Amino acid sequence: MSAKWDAFATEIDGVPAWIVFNADAARELPQLDLPNLMRVQAPFKADEDGLPLPVEEKRLEDLEDELEKWVGAIGGLYVGHVTALKHRTFFFYVSCGREEAKNLVRRIALRRDEDLAFHMEPDPENRVFLDLMLPTKDERRRMRDHARIAEMRLQGDDLSCPRPVEHTARFSNRHQAIAFANWARKNRFHVDGILSPNAETPWFVLQFHRRMPLIPEEIDADTAAITEMAEQLGGSYEGWSCEICRAEAV
């Protein structure tokens with residue numbers, strides 16, 4: 001079964017970075033005896049956003065496929081890559097020693113005429129992968145927001161079209177829900193109501209919305225603020241939804 005891959009944008013030591021990671025690796029690694037982390041880094045020519053030019057992306061993808069194939073052949077696991085500062089760094093966990101891994105990378109570099117940097121370090125608890133390459137709670141929230149926006153774009157949504165964006169938060173008591181409703185109104189949300197607990201939903205559920213276009217930065221700002229305030233008051237943010245707004249309907 002092939003691995004499930006995911007990606008997110010972040011910052012590492014203040015530098016913008018794009019991380020692609022093996023979402024199954026956190027579950028697989030503890031079951032494997034792969035105590036050493038191997039990094040292979042390749043430079044690339046970048047566009048104005050610091051990302052690889054199309055021809056460079058194709059080269060990096062081919063390199064990635066070859067590295068994954070040969071490291072997999074010696075029992076290693078490819079866990080992802082980081083793109084930053086005109087370099088892409090590939091991360092692998094392996095059981096072999098430094099010389100065997102270094103020779104493997106050297107052969108690939110010579111065959112492909114690539115300028116590859118190599119580094120290996122012990123990491124038996126996989127802390128580099130778990131702490132560096134997996135998204136934080138805020139990054140996961142942002143990933144969900146951007147995935148939803150991307151899905152709507154594929155359905156023909158005109159993201160610049162203002163429409164009600166509906167949010168839901170839940171709380172264990174009415175005092176929390178009312179306090180949040182007051183915060184929401186002061187921050188330009190329209191509160192639609194508070195649903196009392198019932199047999200199926202043992203929560204006070206607050207529904208509120210704001211009319212706005214689906215600009216990723218504005219959605220990010222809203223969901224970050226809502227999440228923080230809901231948790232500060234002892235509740236939780238359940239997410240957002242809205243109707244498709246197509247250009248011809250504007």
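My aim in this report is to walk through the structure given alongside it, one point at a time. (Residues numbered from 1 in each chain as written. Predicted model: local features only at pLDDT ≥ 70, side-chain atom pairs only at ≥ 80, totals over all residues. Heavy atoms only, no water.)

### Regarding the environment of Ala26
Counting through the fold element by element, Ala26 comes out in helix α1 (residues 25–28). With a relative accessible area of 34%, Ala26 lands in the partly exposed category. Put simply, Ala26 and Val79 are 53 residues apart on the chain and 9.1 Å apart in space, counted from C-alpha to C-alpha. Those residues in contact with Ala26, other than ones at most four positions away along the chain, are Phe129, Leu130 and Leu134. (Helix = DSSP H or I, 4+ residues; strand = E, 2+ residues; numbered from the N terminus. Buried < 20%, exposed > 50% of the residue type's maximum accessible area, 1.4 Å probe, protein only. Contact = heavy atoms within 4.5 Å.)

### Some points on the pattern of salt bridges
Tallying each qualifying case throughout the model produces 19 salt bridges. In this structure, Arg111 engages Glu66 in a salt bridge whose closest nitrogen and oxygen atoms are separated by 2.3 Å. Of this pair, Arg111 sits in helix α3 (residues 98–112) while Glu66 is found in helix α2 (residues 54–73), placing the two residues 45 residues apart along the sequence. The salt bridge partner of Lys137 is Glu231, with a shortest N-O separation of 2.4 Å. With Lys137 in helix α5 (residues 137–154) and Glu231 in helix α7 (residues 216–232), this residue pair connects regions lying 94 residues apart in the sequence. Judged by relative accessible area, Lys137 falls into the exposed class, the value being 54%. What you see here is one network of salt bridges that share partners, running through Glu56, Arg59, Glu66, Arg111, Arg112 and Glu114. (Salt bridge = Lys/Arg side-chain N within 4 Å of Asp/Glu carboxyl O.)

### Points about helix α6 (residues 174–186)
If you check α6, its first and last C-alpha atoms are 18 Å apart, about what 13 residues at 1.5 Å a residue would give, namely 18 Å. Burial in α6 covers these residues: Gln176, Ala177, Phe180, Ala181, Trp183 and Ala184. End-on, the buried residues of α6 take up no more than an arc of 165°, which puts them together on one face. The exposed residues of α6 that point more than 90 degrees off its buried face are His175 and Lys186. If you follow the buried residues of α6, they end up packed against β7 (163–171), β8 (190–195), β9 (204–212) and α7. A positive backbone phi angle near 70° is found at Arg188, which sits one or two residues after α6. (Expected span 1.5 Å × (residues − 1). Arc of directions from axis to C-beta.)

### Side note on the sheet that holds β9
Spatial ordering of the open sheet is given by β8-β9-β7-β10, a layout of four strands whose pairing is antiparallel. Strand pairing shows two members of the sheet lacking a second neighbour, β8 and β10 (236–241), which therefore form its edges. Taking the axes of each pair of neighbouring strands and ignoring which way they run, one obtains an average angle of 20° across the sheet. Where α6 meets the sheet, it contacts β7, β8 and β9, and its direction lies at approximately 10° from that of β9. On the sheet, α7 packs against β7, β9 and β10 and is oriented at approximately 155° with respect to β10. (Pairing = 2+ DSSP bridges. Axes fitted to C-alpha atoms, helices over the stretch in contact; angles between N-to-C directions.)

### Quick notes on the packing of α5 against α7
Where α5 meets α7, the axes come as close as 10 Å, and the angle between the chain directions of the two elements is 135°. By the criterion of interaxial angle, the relationship of α5 to α7 is oblique. Of the two possible hands of crossing, α5 and α7 adopt the one that is right-handed. Taken together, the residues of α7 that come into contact with α5 (itself represented by Lys137, Arg141, Arg142, Asp145, His146 and Ile149) are Pro216, Ile219, Asp220, Thr223, Ala224, Thr227 and Glu231. Grouping the constituent residues of the contact of α5 with α7 by class yields four nonpolar, three polar and six charged. (Parallel < 35°, antiparallel > 145°, perpendicular 65-115°, else oblique. Left-handed = near helix turned anticlockwise from the far one by under 90°. Nonpolar A, V, L, I, M, F, W, Y, C, P; charged D, E, K, R; others polar.)

### Focus: the nonpolar core
Of all hydrophobic cores here, the largest spans 25 residues; its most connected members are Phe180, Phe208, Leu214 and Trp240. Elements with a minimum of two residues in this core: α5, β7, α6, β9, α7 and β10. Top contributing element to this core by residue count: α6, with five residues. Once you skip the residues sitting within four places of it in the chain, Phe208 turns out to touch Val165, Glu166, His167, Thr168, Ala169, Phe180, Ala184, Phe189, His190, Val191, Asp192 and Ile226. One finds Leu63, Leu67, Val105 and Ile108 within the second-largest nonpolar core, a separate group that totals 21 residues. (Core = buried A, V, L, I, M, F, W, Y, C linked by side-chain atoms within 4.5 Å.)

Shape is all these values report; function is a separate question.
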